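One letter stands for each residue in the lines below.
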Amino acid sequence: MIYSYVDESCQNAHKYMAIGGIVVNVNQVINIKNKLAGVKNTHNLNSELKWSKVSKAKLPAYKEYIDIFFNNTNHMSFHGLLVDTQKIDNKRFNGGDHEVGFQKMLFQLLFKFGKVHRDSLPIHCYLHQRSSTQPLKKLQDILNNSFKKKYESDQEPYEKINYIPLVASDILQLNDILLGALAAQKNGHHLKPKASPAKKELGSYILHKSDVSDLISDTPYDKIDFSIWNFQLKHG
């Protein structure tokens, strides 16, 4: 069994939106949580860590957080999906409902989890708490039906999809940092004159650790520990 922790970044007022998640083997979840909590205790941090809060003073703690991910990629992986929001035509394809379009992108990411980690299913998905007009049960049913159809299986691997607040999960906070780095790079935030030096340094640190050429290009399909997927919308 695997758990996934999922969030989105730059959904509004940015050209590119990023949706991403960390997938963890269930027997390692407590171990990873304890390691992340240990970083906070060492640095006397009582609040959540997230990309928007990266600062020079807290940079060592953020790097140690990142180290825990990259030192445990035999038990966990990160998958990011990038999409050009200017190419999303909600009026034409989603009944004018922004949330329908977002759920379709979320489906793509969660379905990828099932494909890439098929040998480790079932999966529980924990999404960052947000307001939505779309029920999660509907998304869960679509995922399970699509999986059964694709693999000609009776298995319904998406056993649970729930919302959780960011503050309640250190793994979700770790995902926020990784995802924030992708979104910032894709939108060129690091190139702006007033870009945060601390965020630029952390983004470079993540790039170095990830063993990819950059944080905005598609990674090879067989790179499972840290993957990036630029989703191409098909408007027929």
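Our subject is the structure that appears above.
Residues numbered from 1 in each chain as written. Predicted model: local features only at pLDDT ≥ 70, side-chain atom pairs only at ≥ 80, totals over all residues. Heavy atoms only, no water.

Caption draft 1: A look at the sheet that holds strand S2 (residues 16-25). Spatially, 6 strands are ordered S5-S4-S1-S2-S3-S6 in an open sheet, and the strand pairing comes out mixed. Both outer strands of the open sheet, strand S5 (158-164) and strand S6 (226-230), are each paired with one neighbouring strand and no more. The mean inter-strand angle of the sheet, taken between neighbouring strand axes irrespective of direction, is 20 degrees. Looking at chain direction, strand S1 (residues 2-9) and S2 are connected through 8 bridges and run antiparallel. Across the sheet, Tyr5 pairs through a bridge with Ile22, a residue of S2. (Pairing = 2+ DSSP bridges. Helix = DSSP H or I, 4+ residues; strand = E, 2+ residues; numbered from the N terminus. Axes fitted to C-alpha atoms, helices over the stretch in contact; angles between N-to-C directions.)

Caption draft 2: Representation of the environment of Glu201 in the model. Mapping Glu201 onto the fold places it in helix H7 (residues 197-210). Classification of Glu201 by relative accessible area gives partly exposed; the value is 38%. Each C-alpha atom of the pair Glu201 and Ser217 lies 19 Å from the other, and the pair is 16 residues apart in sequence. For Glu201, the contacting residues outside a window of four places in its chain are Leu59 and Lys63. (Buried < 20%, exposed > 50% of the residue type's maximum accessible area, 1.4 Å probe, protein only. Contact = heavy atoms within 4.5 Å.)

Caption draft 3: Layout of the pattern of salt bridges. Taken as a whole, this structure holds 9 salt bridges when the rule is applied. For Lys40, the salt bridge goes to Asp170, with nearest N and O atoms at 2.8 Å. With Lys40 in helix H1 (residues 29-42) and Asp170 in helix H6 (residues 170-186), this pair connects stretches of sequence that are 130 residues apart. Its relative accessible area of 10% is what places Lys40 among the buried residues. Put simply, Glu201 and Lys63 hold a salt bridge, and the shortest N to O gap is 2.7 Å. Of the two residues, Glu201 is situated in helix H7 and Lys63 in helix H2 (residues 59-70); the sequence distance between them amounts to 138 residues. (Salt bridge = Lys/Arg side-chain N within 4 Å of Asp/Glu carboxyl O.)

Caption draft 4: Highlighting the packing of H2 against H6. Direction vectors running N to C along H2 and H6 enclose 100 degrees, while the axes themselves pass 10 Å from each other. Here H6 runs roughly perpendicular to H2, going by the angle between their axes. Contacts between H2 and H6 pair Tyr62, Tyr65, Ile66, Phe69 and Phe70 from the former with Asp170, Gln173, Leu174, Ile177 and Leu178 from the latter. Considering only residue class, the contact of H2 with H6 consists of 8 nonpolar, 1 polar and 1 charged. (Parallel < 35°, antiparallel > 145°, perpendicular 65-115°, else oblique. Nonpolar A, V, L, I, M, F, W, Y, C, P; charged D, E, K, R; others polar.)

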